[in-house]
Amino acid sequence: MSASKQTVERGRIEIRQASKVYDSAAGDILALDSIELDIEPGEFVSIVGPSGCGKSTLLRCIGGLLSLSSGEIVIGGKTVTEPDPRIGYVFQKAVLLPWRTIEENVLLPFEINGTVDDTAREKVYSVLKMVGLEDYLHHHPNELSGGMQQRVSVARGLVMQPEILLMDEPFGALDAQTRDTMNVELLRIWAEAGTTIVFVTHDIGEALFLSDRVLMLTARPGRVRDVLDVPMPRPRSFEKVEGDERFWQLRQVIREALA
């Protein structure tokens, strides 16, 4: 494979007939059924669907945290079989270690890899600056607001410069105003980092504001109901997006499809 071909494939996700079955005392539960999707390098794709439809399951399968029962997920030409250092993860809660400083929390991926050095610390400072928290290196999580803690979580997800960032309802626990602020910040960070992002949310408006495309899943078992392009131009602001009739039309289309 040529170097140019490898560059093109960085951050590309190919999902081929992906299915996931869970074992339970009551019998097998089909969570995902034959999911088929391509996600391009640097693209921002959100996943929406009813509760229990397999959104988080699909994200974990992409990240190698769960294995598929059948089908295949390929990232950059390589089949996903286990957690992959090319992939960062941000959960709904920040999951920070309270006894460690912000710098130490973001350094954690380097410690796991056994590569803590001056270069790692420079990367931590750089990514904390990207999320606007470079002045909080030596603070502890309980000294930060919920929104700031989530920014630390995003920084930790980005610090290893992953090709892909998987985000599982990362702002769901925040108040509406903080959530809006975080959405704007996320778009700025994404534009700067150029990372492919796959984002799970229950909020249709959030999905449309952030995404290039929105994947709609059916109720369990999760199947692809539709994949919608989001035509609003970038850069985006809430004023521009909410003033665009296409936003409201797409929002209604998704609400009716998921009802």
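A quick note: this is a predicted structure, and the numbers were derived from the prediction, not measured.

Cut-off values and rules
- Going along each chain's sequence as written, the residues are numbered from 1 onward.
- At least 70 in pLDDT is required for a residue's local features to be given in this predicted model, at least 80 for side-chain atom pairs to be given and counted, and no such filter applies to totals for whole chains, interfaces and linings, which use all residues.
- Remark: hydrogens and water are excluded; side-chain values derive from all non-hydrogen atoms of the structure.
- Each axis is a line fitted through C-alpha atoms, and for a helix only the stretch in contact is used; angles between axes span 0 to 180 degrees, taken between their N-to-C directions.
- Here a strand is any run of E in DSSP of at least two residues, a helix any run of H or I of at least four, and the numbering for each starts at the N terminus.
- Note on angle classes: values under 35 degrees are labelled roughly parallel, values over 145 roughly antiparallel, values of 65 to 115 roughly perpendicular, and the remainder oblique.
- By definition, turning the near helix anticlockwise from the far helix through less than a right angle yields a left-handed crossing, and turning it clockwise yields a right-handed one.
- A contact between two residues is defined here by any heavy atoms of the two lying within 4.5 Å.
- Each residue receives one of three labels: charged for Asp, Glu, Lys and Arg, nonpolar for Ala, Val, Leu, Ile, Met, Phe, Trp, Tyr, Cys and Pro, and polar for the others, Gly being one of them.
- For each residue, the accessible area found with a 1.4 Å probe, counting protein chains only, is set against the maximum for its type, and the residue is called buried under 20%, exposed over 50%, and partly exposed in between.
- Under this definition, polar contacts are N or O atom pairs within 3.5 Å; protein pairs additionally need one hydrogen-donor-capable and one acceptor-capable atom, and for neighbouring residues in sequence, both atoms have to be side-chain atoms.
- Aromatic contacts are taken between Phe, Tyr and Trp rings whose centres are within 6.5 Å, Trp giving its six-membered ring; a plane angle under 30 degrees counts as stacked, one over 60 as edge-to-face, and the others as tilted.
- Working rule: Lys NZ or Arg CZ, within 6 Å of ring centre, within 35 degrees of ring normal, means a charge sits over the ring.

Caption draft 1: Geometry of the packing of helix 5 (residues 146-158) against helix 6 (residues 176-193). Between helix 5 and helix 6, the shortest axis-to-axis distance is 11 Å and the interhelical angle comes to 20°. As the angle between them shows, helix 5 and helix 6 are arranged roughly parallel. Taken as a pair, helix 5 and helix 6 cross one another with a handedness that is right-handed. Between helix 5 and helix 6, the contacting residues are Gly147, Gln150, Arg151, Val154 and Leu158 on the first element and Thr178, Met182, Glu185, Ile189 and Ala193 on the second. Residues belonging to the contact of helix 5 with helix 6 are distributed by class as follows: 5 nonpolar, 3 polar and 2 charged.

Caption draft 2: Geometry of the side chain of Thr201. Within the fold, Thr201 resides in the loop between strand 8 (196-200) and helix 7 (204-210). Residue class for Thr201 comes out buried when judged on its relative accessible area of 1%. Reaching out from Thr201, the side chain makes a polar contact with the backbone nitrogen of Asp203 at a distance of 2.9 Å. Those residues in contact with Thr201 that lie beyond four places of it in its chain are Ile47, Val48, Lys55, Glu169, Arg179, Glu206 and Ala207.

Caption draft 3: Quick look at the environment of Asp244. Looking at the secondary structure, you find Asp244 in the loop between helix 8 (238-242) and helix 9 (245-258). The sequence separation of Asp244 and Asp180 amounts to 64 residues, and the corresponding C-alpha distance is 18 Å. A distance of 2.7 Å separates the side chain of Asp244 from the side chain of Arg246, its partner in a polar contact.

Caption draft 4: Up close: the packing of aromatic side chains. Taken as a whole and assessed by the stated rule, the structure comprises 6 aromatic pairs. Note on Phe171 and Phe199: the rings are 6.1 Å apart at their centroids and 50° apart in plane angle, and the pair reads as tilted. Remark: Phe199 occurs in strand 8 and Phe171 occurs in the loop between strand 7 (164-168) and helix 6; sequence separation between them is 28 residues. Like Phe199, Phe171 is buried. Between Phe209 and Phe238, the ring centres sit 4.1 Å apart and the planes meet at 10°, which makes this aromatic pair stacked. Residue Phe209 is located in helix 7, and its partner Phe238 is located in helix 8; the two are separated by 29 residues in the primary sequence. Taken as a pair, Phe209 and Phe238 share a single burial class, namely buried. When the ring centre of Tyr22 is taken as reference, the NZ or CZ atom of Lys20 above it lies at 5.5 Å.

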